[in-house]
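Breakdown of the fold
The residues making up each chain are set out below.
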Amino acid sequence: LREQKHCSAYKPRVMLNLPYRDTWFMPPHNSYMVRLIEDAGGEYVVGQENLSTTSKPISLEEALVLAMKADFWLNLGQMNSVEEVCAVAPRFAKVDAVRFSRLYNNTKRTNESRGSDFWESGTVHPDIILKDLIKILHYEAKTEELYYYKKLGERR
C-alpha cells in the first residue's frame, strides 16, 4: 500500500469488475457503486473520466494499468477464489490486490435462485453495503462480520 496509509487522508484505491469477452466495463464516476466506495473513504481507480450514465468499455491493457494502481479489487462476478480470478484474467495475477489477497466479492448472500442478494436487497440497504465497504477498505473486516461481501481465499 501507499505510504500514506497511516494518514487520515489515505484513500485506498479500488478496482471494480472482471472482463467480459476481452472487454472491461468500467462504471461511470457517478454510479451507485462508485459513490458508495467514495463514501466509504475509498478512491475509484478510473482512467479517462467517465461522466456518462453508462459503463464504459476499456481494453484489457488499460484495465491492467488501472488494476496495478489498485489496493483492492471488488465485485468479481461469480468468482469464489483467487485462482478463479487468475484463470479468467491471468495477466492480473501480479497486481497488488491479487498478490496481497485483497479481493472481495459481493456474493456472500444469495437469493432463492442462487443469484447475488447484493443486487436485490442491497439496493434498498445501501447503509449495509457502506458498512461492509468501510470495514474492507480500512482493514477492520472480519469476514464473518461482512454482510454482502466475502473475501476470496488466500492464494495457494
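Residues numbered from 1 in each chain as written. Predicted model: local features only at pLDDT ≥ 70, side-chain atom pairs only at ≥ 80, totals over all residues. Heavy atoms only, no water.

**Section: the layout of surface pockets**
- Approximately 220 Å³ is the volume found for the largest pocket.
- Looking at the lining of the largest pocket, its residues break down into six nonpolar, 10 polar and no charged. (1 Å grid on protein atoms, 1.4 Å probe; cavity = no way out; pocket = protein on both sides within 12 Å on 5 of 7 lines; lining within 4 Å. Points joined across faces, edges and corners; volume = space filled by probe spheres on them. Nonpolar A, V, L, I, M, F, W, Y, C, P; charged D, E, K, R; others polar.)

**Things to note about the environment of Gly122**
- Position of Gly122 among the secondary structure elements: in the loop between strand 7 (103–105) and helix 5 (126–137).
- You can call Gly122 buried: its relative accessible area is 0%.
- Spatially, the C-alpha atoms of Gly122 and Tyr148 are 7.8 Å apart, while their sequence positions differ by 26 residues.
- When neighbours within four sequence positions are excluded, Gly122 is seen to be in contact with Tyr32, Asp117, Ile129 and Tyr148. (Helix = DSSP H or I, 4+ residues; strand = E, 2+ residues; numbered from the N terminus. Buried < 20%, exposed > 50% of the residue type's maximum accessible area, 1.4 Å probe, protein only. Contact = heavy atoms within 4.5 Å.)

**A look at the pattern of salt bridges**
- Inspection of the entire model under this criterion finds five salt bridges.
- A salt bridge links Arg35 to Asp39; the nearest nitrogen and oxygen atoms lie 3.2 Å apart. Within this pair, Arg35 and its partner Asp39 are both found in helix 1 (residues 32–39), separated by four residues, close to a single helical turn.
- Judged by relative accessible area, which is 52%, Arg35 ranks as exposed.
- For Glu61, the salt bridge goes to Arg91, with nearest N and O atoms at 3.2 Å. With Glu61 in helix 2 (residues 60–67) and Arg91 in the loop between helix 3 (82–88) and helix 4 (96–99), this pair connects stretches of sequence that are 30 residues apart.
- You can call Arg91 partly exposed: its relative accessible area is 45%. (Salt bridge = Lys/Arg side-chain N within 4 Å of Asp/Glu carboxyl O.)

**Considerations on the nonpolar core**
- Ranked by size, the top nonpolar core spans 44 residues in total, and within it Met15, Trp24, Trp73, Leu74, Leu133 and Tyr149 carry the most contacts.
- Not counting residues within four places of it along the chain, the set of residues in contact with Leu74 comprises Val14, Met15, Leu16, Asn17, Ile37, Tyr104, Leu133, Ile136 and Tyr149. (Core = buried A, V, L, I, M, F, W, Y, C linked by side-chain atoms within 4.5 Å.)

**Some remarks on the packing of aromatic side chains**
- Enumeration according to the criterion identifies eight aromatic pairs in this entry.
- A ring pair is formed by Trp73 and Phe92, whose centres lie 5.8 Å apart and whose planes are at 45°; its orientation type is tilted. Of this pair, Trp73 sits in strand 6 (residues 72–74) while Phe92 sits in the loop between helix 3 and helix 4; the two residues are 19 residues apart in sequence, bridging distant segments of the chain. When sorted by exposure, Trp73 lands in the same class as Phe92, which is buried.
- Measuring from ring centre to ring centre gives 5.8 Å for Phe118 and Tyr148, while their planes differ by 90°; the resulting arrangement is edge-to-face. Of the two residues, Phe118 sits in the loop between strand 7 and helix 5 while Tyr148 sits in the loop between helix 5 and strand 8 (150–151), which places them 30 residues apart along the sequence.
- Given the relative accessible area of 1%, Tyr148 is considered buried.
- An aromatic cluster is present here, built from Phe118, Trp119, Tyr147, Tyr148 and Tyr149 joined pairwise through their rings.
- One residue, Arg102, lies across the ring of Phe72, its end atom 5.8 Å from the ring centre. (Phe/Tyr/Trp six-rings, centres within 6.5 Å; stacked < 30°, edge-to-face > 60°. Lys NZ or Arg CZ within 6 Å of the ring centre and 35° of its normal.)

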